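Analysis of the macromolecular model
Spelled out, the chains give:
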Amino acid sequence: MPPLLDRYIAPARTRRSVWRVIGATVVIGLVWLLWVMAVVLASVGYDIVVAGVPAADAMANSANFLTSGGPGSILAIMFTFFGVWIGLWLALKLFHKRPFGTLFSPERRIRWREFGAGFLLSAVFFVLSVGVALILVGAPQRSDLSFGFWAVWIVPLIVGVFFQATAEELLFRGYFLQQLAVWSRNPIVWAVLPSLFFGALHLNPAQSLSANLLIVAITFLVGVITAALVWRTGSLAAAMGLHVGVNVQALALVGAAESPLTGGQLWLFDAGSATTLYTIDAISVVALLALILSPWNPVRPQSAPNPLPQFGDTRSGG
């Protein structure tokens, strides 16, 4: 196993039994679900207490709000993912007895230079994808969202996306990657399998089969890309930066009309071009994966300045 990745997964070598991972996964899921319920109940409580809406209508309003795809709905959905942060912290404490920061890097912190490199890489490929779309599809139309409102809401959106995208990275390319990599050196186990599950979670019954297949393929490839960035750098930072960049661009800049969560974008391509846009995105992420796996990978690891703590006997399986 490459030294950088070996160093990153070292904290997972102790207390790595299957029952611990299963228990931790259950705790993470339960805490996240409780946090989502808390967000929904807060919305319902606001309608009842502040707006004087009857309880039944408040529940309906909350459901409609979360599915509306508007800026407020997007922010609420993004902040539900903070429950994953809490669940991971609790699961690591209860089942693995190790610090939450070990999910970020061997230094137990976010390497911000790597984070910025990942974010910049997402921006470069976004520009290339949009450039191809302009040639094949034509120019998008300006959305109904005013620039003034967008300029105000972009800041809380970035904060919300940070928690959402990093939560997914902490879970799939942090916790699961570390735990699976100490069981098997095969990247199919620690990179491909979690990415398949990650892709499957993005299925949307409201969209066509072809669109769903492309969406799952794209998110699967993004999962493999972020796992490759962890492998390349020995930390989660570049993967988080790339994921945050991709989601901010998708939610706040350009999308396809009538797709989910389009209420915060400045420009929208015609709804009929969605399949073409997804195909362009799929080709772009394949090219990005090839670049990261090549000798010309532009994201370089940030060296640790001090000796790092170790976590017990690497042969321990308890």
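Just so we're clear, the structure is a prediction, and the values are computed from it rather than from any experiment.

**Section: the pattern of salt bridges**
What the rule picks out here adds up to 5 salt bridges. With a closest N to O distance of 2.4 Å, R13 and D6 form a salt bridge. Among the residues examined, R13 registers a relative accessible area of 13% and is labelled buried. Judged by its relative accessible area of 26%, D6 is partly exposed. Here R111 ties to E107 by a salt bridge, and the two come within 2.8 Å at their closest N and O atoms.

**Concerning the confidence of the model for the protein chain**
Of all residues in the protein chain, 92% attain a pLDDT of 70 or more, and the chain-wide mean is 88. Counted against residues more than four places away or in other chains, residues 305-316, with its pLDDT under 50, gives 25 contacts.

**Digging into the side chain of T102**
Here T102 is to be found in the loop between α5 (82-96) and α6 (112-136). Among the polar contacts made by the side chain of T102, one reaches the main-chain carbonyl oxygen of P99 at a distance of 2.6 Å.

**Re the packing of aromatic side chains**
Applying the stated criterion across every chain yields a total of 20 aromatic pairs. Among the aromatic residues, ring-to-ring pairing joins W35, F79, F82, W85, F100, F104, W112, F115, F162 and F163 into one connected group. One Lys or Arg, R173, reaches over the ring of F198 and ends 4.4 Å from the middle of that ring.

**Quick look at the layout of surface pockets**
Here the idea is plain: a probe the size of a water molecule rolls over the atoms and shows the empty space left. Considering only enclosed or pocket space, the second largest pocket measures out at about 190 Å³ in volume. Secondary structure elements with two or more residues in the lining of the second largest pocket: α8 (187-200), α9 (209-233) and α11 (274-293). Tallying contributions element by element places α8 first for the lining of the second largest pocket, with 5 residues. Looking at side-chain class alone, the lining of the second largest pocket contains 13 nonpolar, no polar and 1 charged residues.

**Topic: the sheet that holds strand β3 (residues 267-269)**
Within a beta sheet, neighbouring strands are joined by backbone hydrogen bonds and run either parallel or antiparallel to one another. Strands sit in the order β1-β3-β2 across an open sheet of 3 strands; the sheet is mixed. Among the strands making up the open sheet, the edge pair consists of β1 (141-142) and β2 (254-256).

**Comments concerning the environment of S210**
Within the secondary structure, S210 is located in helix α9. Residue class for S210 comes out partly exposed when judged on its relative accessible area of 38%. Remark: the alpha-carbon pair of S210 and T275, spanning 65 residues in sequence, is separated by 7.5 Å.

**Looking at α5**
Spacing of three or four residues puts side chains on the same side of an α-helix, whose turn is 3.6 residues. The terminal C-alpha atoms of α5 lie 21 Å apart, and with 15 residues this matches the ideal 21 Å at 1.5 Å per residue to within 8%. Listing the buried residues of α5 in full gives G83, V84, W85, G87, L88, A91, L92, F95 and H96. Next to the buried residues of α5 lie α2 (18-49), α4 (71-80) and α7 (147-181).

**Comments concerning a nonpolar patch on the surface**
A cluster of nonpolar residues, V18, I22, V26, L30 and W183, forms a patch on the protein surface that exposes about 480 Å² of accessible area. Along the chain, V18 turns up in helix α2.

**Re unusual backbone geometry**
Here R15, not a glycine, exhibits a phi torsion of approximately 50 degrees, which is positive. Tracing the backbone shows R15 in the loop between α1 (3-9) and α2. Positive phi, close to 65 degrees, is recorded for R108, a residue that is not glycine. Here R108 shows up in the loop between α5 and α6.

**So, the packing of α7 against α9**
Taken N-terminus to C-terminus, the directions of α7 and α9 make an angle of 55 degrees; their axes are 11 Å apart at the nearest point. Compared by their axis directions, α7 and α9 come out oblique. Between α7 and α9 lies a crossing whose hand is right-handed. Of α9, the residues touching α7 (which contributes E169, R173 and L177) are G223, T226, A227 and V230.

**What about the side chain of R98?**
Tracing the chain through its elements places R98 in the loop between α5 and α6. The charged side chain of R98 is buried without a salt bridge, its nearest counter-charge being E107 at 13 Å. In this structure the side chain of R98 is engaged in a polar contact, spanning 2.7 Å, whose partner is the side chain of T102. Polar side-chain contacts of R98 include one of 3.2 Å to the side chain of Q179.

What counts and how
Residues numbered from 1 in each chain as written. Predicted model: local features only at pLDDT ≥ 70, side-chain atom pairs only at ≥ 80, totals over all residues. Heavy atoms only, no water. Salt bridge = Lys/Arg side-chain N within 4 Å of Asp/Glu carboxyl O. Buried < 20%, exposed > 50% of the residue type's maximum accessible area, 1.4 Å probe, protein only. pLDDT = per-residue confidence, 0-100. Contact = heavy atoms within 4.5 Å. Helix = DSSP H or I, 4+ residues; strand = E, 2+ residues; numbered from the N terminus. Polar contact = N/O pair within 3.5 Å; in protein donor to acceptor, adjacent residues only side chain to side chain. Phe/Tyr/Trp six-rings, centres within 6.5 Å; stacked < 30°, edge-to-face > 60°. Lys NZ or Arg CZ within 6 Å of the ring centre and 35° of its normal. 1 Å grid on protein atoms, 1.4 Å probe; cavity = no way out; pocket = protein on both sides within 12 Å on 5 of 7 lines; lining within 4 Å. Points joined across faces, edges and corners; volume = space filled by probe spheres on them. Nonpolar A, V, L, I, M, F, W, Y, C, P; charged D, E, K, R; others polar. Pairing = 2+ DSSP bridges. Expected span 1.5 Å × (residues − 1). Patch = residues over 30% accessible without salt bridge, like charges linked within 9 Å, V, L, I, M, F, W, Y side chains within 5 Å. Areas by Shrake-Rupley, 256 points an atom, 1.4 Å probe, with all protein chains shown as cover. Axes fitted to C-alpha atoms, helices over the stretch in contact; angles between N-to-C directions. Parallel < 35°, antiparallel > 145°, perpendicular 65-115°, else oblique. Left-handed = near helix turned anticlockwise from the far one by under 90°. Lys, Arg positive; Asp, Glu negative; His and termini not counted.

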